[in-house]
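# Architecture at a glance
Here's the letter readout for the chains.
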Amino acid sequence: MVRSYAVTFTFVGTRVLQPVPAWNRHSEAGFAIEIIIITFMAILVPDLVFHWSAFTLRRS
């Protein structure tokens with residue numbers, strides 16, 4: 001469910017960034033790469049947050 005929400009947020013985030021002038025100066029290929037990066041980050045960041053304790057826990 002969290003991943004679905006994160007991917008949906010990708011579309012909301014790109015709409016929020018459209019008024020920024022630097023966002024509209026990219027070519028179609030640059031825009032596609034940015035969408036891919038934003039989607040990847042939208043999936044990666046929630047996974048890191050949910051598994052943070054597993055990453056930081058010291059095992060002896």
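Criteria and cut-off values
- Residues numbered from 1 in each chain as written.
- Predicted model: local features only at pLDDT ≥ 70, side-chain atom pairs only at ≥ 80, totals over all residues.
- Heavy atoms only, no water.
- Helix = DSSP H or I, 4+ residues; strand = E, 2+ residues; numbered from the N terminus.
- Rg over C-alpha atoms; globule rule 2.2 N^0.38 Å.
- Contact = heavy atoms within 4.5 Å.
- Axes fitted to C-alpha atoms, helices over the stretch in contact; angles between N-to-C directions.
- Parallel < 35°, antiparallel > 145°, perpendicular 65-115°, else oblique.
- Left-handed = near helix turned anticlockwise from the far one by under 90°.
- Nonpolar A, V, L, I, M, F, W, Y, C, P; charged D, E, K, R; others polar.

What follows covers the overall build of the protein. A tally of helices and strands in the protein yields 3 helices and 0 strands. Put simply, the protein runs from its N terminus to its C terminus through helices and strands in the order α-α-α. Taking 2.2 N^0.38 as the reference for a compact globule, 60 residues should give roughly 10 Å; the C-alpha atoms of the protein span a radius of gyration of 15 Å, well beyond that estimate. Along the longest, intermediate and shortest principal axes, the C-alpha atoms of the protein span 50 × 20 × 15 Å.

Let us look at the side chain of Thr 10. Considering the arrangement of structural elements, one finds Thr 10 in helix H1 (residues 2-17). Those residues in contact with Thr 10 that sit more than four places away from it in its chain are Ile 35, Ile 38, Thr 39 and Ala 42.

Running from amino to carboxyl end, H1 crosses helix H2 (residues 28-50) at an angle of 140°, the nearest separation of the two axes being 9 Å. Considering their axes alone, H1 and H2 lie oblique with respect to each other. Seen along the crossing, H1 lies across H2 with a hand that is right-handed. For the pair H1 and H2, the contacting residues are Val 2, Arg 3, Ala 6, Val 7, Thr 10 and Thr 14 in the first and Ile 35, Ile 38, Thr 39, Ala 42, Ile 43, Pro 46, Asp 47 and Phe 50 in the second. The residue inventory of the contact of H1 with H2, partitioned by class, reads 9 nonpolar, 3 polar and 2 charged.

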